[in-house]
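Structure at a glance
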Amino acid sequence: MQLHRPVLGFYALNGTSVAVFTEEQTKERICHAFERIREENPNKNILLVLDNFSSHTCEYTRSRARELGIDLVFLPVGSPHLNPIEAVWKSLKWTISPITVSSTDEFCTLVRGVFQQLTDKVSFAAEWIDRFLNIQKLS
């Protein structure tokens, strides 16, 4: 079975992480993911680290993020190592690779479950926190 739907993930350091499967990565689908992130994290400050994919950076997406109170940070091109969620994706792929499922729904449930287990750990972001968030203490 091959699944050709991207999954968008939000790795929350102090809230609820969210994994959203989407048919495509259009600006409307990205904004829907933002809405889910906000629903799962009401009254929380949200900082979302993104790459420079066109649906992430367009004015439509930026405007919706502002409306939802989500701050966006865009990584330099070719810098996925600066995004702590990349370690989560790597671990998720390693964890689920030997597991066989019989349906798309079962696969999506598996991915969401493993994603939640992994993102309950802040350890994936420990270096990122130390490197980028603790620098604010120096200011």
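Residues numbered from 1 in each chain as written. Predicted model: local features only at pLDDT ≥ 70, side-chain atom pairs only at ≥ 80, totals over all residues. Heavy atoms only, no water.

**Describing the environment of Asp130**
Keep this limit in mind: Strands here mean DSSP runs of E at least two residues long; helices mean DSSP runs of H or I at least four residues long; both are numbered from the N terminus. For each residue, the accessible area found with a 1.4 Å probe, counting protein chains only, is set against the maximum for its type, and the residue is called buried under 20%, exposed over 50%, and partly exposed in between.
Mapped onto the elements of the fold, Asp130 is located in helix H6 (residues 126–133). Judged by relative accessible area, which is 53%, Asp130 ranks as exposed. It is 26 Å that separates the C-alpha atoms of Asp130 and Glu40, two residues lying 90 residues apart in sequence.

**Side note on the environment of Ser123**
Turning to its location among the elements, Ser123 is positioned in the loop between helix H5 (104–119) and H6. Of the residues examined, Ser123 reaches a relative accessible area of 54% and is grouped as exposed.

**Notes on the side chain of Arg38**
What counts, and what does not: The sign given to each residue is positive for Lys and Arg and negative for Asp and Glu; His and the chain ends receive no count. When a carboxyl oxygen of Asp or Glu is within 4 Å of a side-chain nitrogen of Lys or Arg, the pair counts as a salt bridge. We call two N or O atoms a polar contact when they sit within 3.5 Å, provided that within protein one can donate a hydrogen and the other can accept it, with sequence-adjacent residues counted only if both atoms are side-chain atoms. Only heavy atoms enter the contact rule, under which two residues are in contact if any of them lie within 4.5 Å.
By the secondary structure assignment, Arg38 is in helix H1 (residues 27–40). For the buried residue Arg38, which engages in no salt bridge, the nearest side chain bearing the opposite charge is Asp71, 7.7 Å off. From its side chain, Arg38 meets the backbone oxygen of Asn41 in a polar contact 2.7 Å long. Setting aside anything within four residues of it in sequence, one finds Arg38 in contact with Asn43, Lys44, Ile46, Leu68, Gly69 and Ile70.

**Here's the deal with the packing of helix H4 (residues 85–96) against H5**
Quick reminder of the rule: Convention adopted: a line fitted to C-alpha atoms gives each axis, helices being fitted over their contacting stretch, and angles between N-to-C directions are expressed from 0 to 180 degrees. Angle categories: roughly parallel below 35 degrees, roughly antiparallel above 145, roughly perpendicular from 65 to 115, and oblique for all the rest. The hand of a helix crossing depends on one turn: near helix anticlockwise from the far one by less than a right angle means left-handed, and clockwise means right-handed.
Here H4 crosses H5 at 130°, and the two axes come no closer than 10 Å. The orientation of H4 with respect to H5, classified from their angle, is oblique. Where H4 crosses over H5, the two elements pack in a sense that is right-handed. Counted together, Ile85, Val88, Trp89, Ser91, Leu92, Thr95 and Ile96 of H4 and Phe107, Leu110, Val111, Val114, Phe115, Leu118 and Thr119 of H5 form the full contact between these two elements.

**A word on the state of the cysteines**
For clarity, the threshold we go by: When two cysteine sulfur atoms are found within 2.5 Å, that pair is recorded as a disulfide.
For the structure on display, the rule yields zero disulfides. The cysteine Cys31 is free of any disulfide, with Cys58 supplying the nearest cysteine sulfur at 6.8 Å. Judged by relative accessible area, Cys58 falls into the partly exposed class, the value being 21%.

**Structural notes on the confidence of the model for the protein chain**
Threshold: The pLDDT value tells you how sure the predictor is about a given residue, anywhere from 0 up to 100.
Per-chain confidence: the protein chain averages 88 in pLDDT, with 91% of residues scoring 70 or above. H6 is the least confidently modelled element of the protein chain, averaging 75 in pLDDT, while helix H3 (residues 59–68) averages 97, the highest of any element.

**Here we look at H4**
Rules: Helix span, expected: 1.5 Å multiplied by one less than the number of residues in the helix. The directions considered for the arc are those from the helix axis to the C-beta atoms.
With twelve residues, H4 extends 16 Å between its outermost C-alpha atoms, agreeing within 8% with the 16 Å of an ideal straight helix rising 1.5 Å per residue. Turning to H4, its buried residues are Ile85, Val88, Trp89, Leu92 and Ile96. The arc enclosing the buried residues of H4, seen along the axis, measures out at 100°, which places them on a common side. Within H4, the exposed residues directed more than 90 degrees away from the buried face are Lys90 and Trp94.

**Notes on the packing of H1 against H3**
Quick note on the threshold: Nonpolar residues are Ala, Val, Leu, Ile, Met, Phe, Trp, Tyr, Cys and Pro. Charged residues are Asp, Glu, Lys and Arg, and all others, Gly as well, are polar.
Packing of H1 against H3 brings their axes to within 9 Å, and their N-to-C directions diverge by 15°. The pairing of H1 with H3 is recorded here as roughly parallel in orientation. Pair H1 / H3 crosses with right-handed handedness. Across the interface between the two elements, Lys27, Glu28, Ile30, Cys31, Phe34, Glu35 and Arg38 from H1 touch Tyr60, Thr61, Arg64, Ala65 and Leu68 from H3. For the contact of H1 with H3, the class distribution of residues is six nonpolar, one polar and five charged.

**Brief notes about the nonpolar core**
Quick note on the threshold: In this text, buried Ala, Val, Leu, Ile, Met, Phe, Trp, Tyr and Cys residues form a nonpolar core when linked through side-chain atoms within 4.5 Å.
Counting 21 residues, the largest nonpolar core has Ile85, Val88, Leu92, Ile96, Val114 and Phe115 as the members making the most contacts within it. Mapped by element, the contributors of at least two residues to this core are strand S2 (18–21), H4, H5 and H6. No other element matches the six residues that H5 contributes to this core. Residues Phe10, Leu48, Leu50 and Leu68 belong to the second largest nonpolar core, which totals 15 residues.

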